[in-house]
Amino acid sequence: RALVERDISSGINAEYGGPRDMKNNQVVVVRRDNGVKATLPDENLEQSLQSLLDTVHDDMYNRALVERDNAMVVVKEWKDFCANLDQKKILLAPFCGAIPCEEAIKKDSARTGEAGEDEKAPAMGAKSLCIPFEQPGDATSETCICPNCDEKAKAYTLFGRSY
């Protein structure tokens, strides 16, 4: 058998063909997401690799969900909007959807270089990212997050800074 080293869907590295692996009819795999090394028997290798790739996918997806959920904050007042934005959070805020409000939010949430601001935080203002399908509540009973707007919100909108 020839030495085969392969990157399978960027999820795992698989090596096959060393004398010990050949003798033991096994393949050495290393998960790229966490560096865990394991051996898989040659028997049913295709199913074993597919199962391992599914596990890698599920673990990466679940870690991403936890990270997103830990970074997401629902805010209803402007002072909370800017404070959480400066902590690198993504914000769900009631928003009327008007372009002038979006432009004002972007302008007013930008860092100005004033004393007390985190110098390492990005300076650009927040921009709307999307309107999530899953809403944290009924935004239509809230006023738009934009300080100069008295309109009722249409939906909670996700805001954040690009890094």
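Rules and cut-offs
Counting restarts for each chain, with residues numbered from 1 along the sequence as it is written. Since the coordinates come from a predicted model, pLDDT governs what is reported: local features require at least 70, and pairs of side-chain atoms require 80 or more to be given and counted, while whole-chain, interface and lining totals use all residues. Here the side-chain values reflect all heavy atoms present in the structure, with hydrogen atoms and water set aside. Numbering of helices and strands runs from the N terminus; a helix is a DSSP stretch of H or I covering at least four residues, while a strand is a stretch of E covering at least two. Only protein chains enter the accessibility calculation, which uses a 1.4 Å probe; a residue whose area is less than 20% of its type maximum is buried, one above 50% is exposed, and one in between is partly exposed. Counted as a polar contact is a pair of N or O atoms within 3.5 Å, where, for protein atoms, one must be capable of donating a hydrogen and the other of accepting one, and residues adjacent in sequence contribute only when both atoms are in side chains. Throughout, the arc means the angular range of directions from the helix axis out to the C-beta atoms. Contact between two residues is taken to exist if any of their heavy atoms lie within 4.5 Å; hydrogens are not considered. Side-chain rings of Phe, Tyr and Trp (the six-membered ring for Trp) are treated as a pair once their centres are within 6.5 Å; stacked means planes under 30 degrees apart, edge-to-face means over 60, and tilted covers the remaining angles. Only strands joined by at least two bridges in the DSSP assignment are considered to pair. Axes here refer to lines fitted to C-alpha atoms; in helices the fit is confined to the stretch in contact. Angles between the N-to-C directions go from 0 to 180 degrees.

*Asks:* Tell me what's going on with the side chain of Arg-161, and back it up with residues and numbers.
*Replies:* Topologically, Arg-161 is positioned in the segment after strand S8 (155-160). Look at Arg-161 and you get buried, because its relative accessible area is 8%. Engagement of the side chain of Arg-161 in a polar contact is seen with the side chain of Asp-86, the distance being 3.0 Å. In this structure the side chain of Arg-161 is engaged in a polar contact, spanning 2.7 Å, whose partner is the backbone oxygen of Ser-109.

*Asks:* Lay out helix H4 (residues 99-108) in plain terms, naming residues and giving numbers.
*Replies:* For H4, every residue scored as buried is listed here: Cys-101, Ala-104 and Ile-105. With its buried residues spanning 100 degrees around the axis, H4 presents them on a single face. Among the exposed residues of H4, those oriented more than 90 degrees off its buried face are Ile-99, Pro-100, Glu-103 and Lys-107. Of the surrounding secondary structure, the elements contacted by the buried residues of H4 are helix H3 (78-86), strand S6 (90-95) and S8.

*Asks:* Can you lay out the environment of Thr-55 for me, pointing to particular residues and giving the numbers?
*Replies:* Relative to the helices and strands, Thr-55 resides in helix H2 (residues 45-71). Here the alpha-carbon distance between Thr-55 and Arg-31, two residues 24 residues apart in the chain, equals 9.9 Å.

*Asks:* Could you give an account of the packing of aromatic side chains, naming the residues involved and the relevant values?
*Replies:* The final tally for this structure, using the stated rule, is three aromatic pairs. Ring plane angle 10 degrees and centroid distance 4.9 Å describe the contact between Trp-78 and Phe-81, whose orientation is recorded as stacked. Separated by three residues within a single helix, Trp-78 and Phe-81 lie in helix H3, roughly one turn from each other. Judged by centre distance (5.5 Å) and plane angle (70 degrees), the ring pair of Phe-81 and Phe-159 falls under edge-to-face. Within this pair, whereas Phe-81 is found in helix H3, its partner Phe-159 is found in strand S8, the two being separated by 78 residues in sequence.

*Asks:* Just give me the short version of the sheet that holds S8, but keep the residues and values in it.
*Replies:* Pairing within the open sheet is mixed, and its four strands lie in the order S5-S6-S8-S7. Unpaired on one side and paired on the other, strand S5 (72-74) and strand S7 (127-130) mark the two borders of the sheet. Averaged over all neighbouring strand pairs, the angle between strand axes comes to 45 degrees, with direction disregarded. Strand direction decides the pairing type here: S5 and S6, joined by three bridges, are parallel. Counted as the bridge partner of Met-72 is Ile-90 from S6. Of the strands in this sheet, S5, S6 and S8 touch H3, which is tilted by about 160 degrees from S6.

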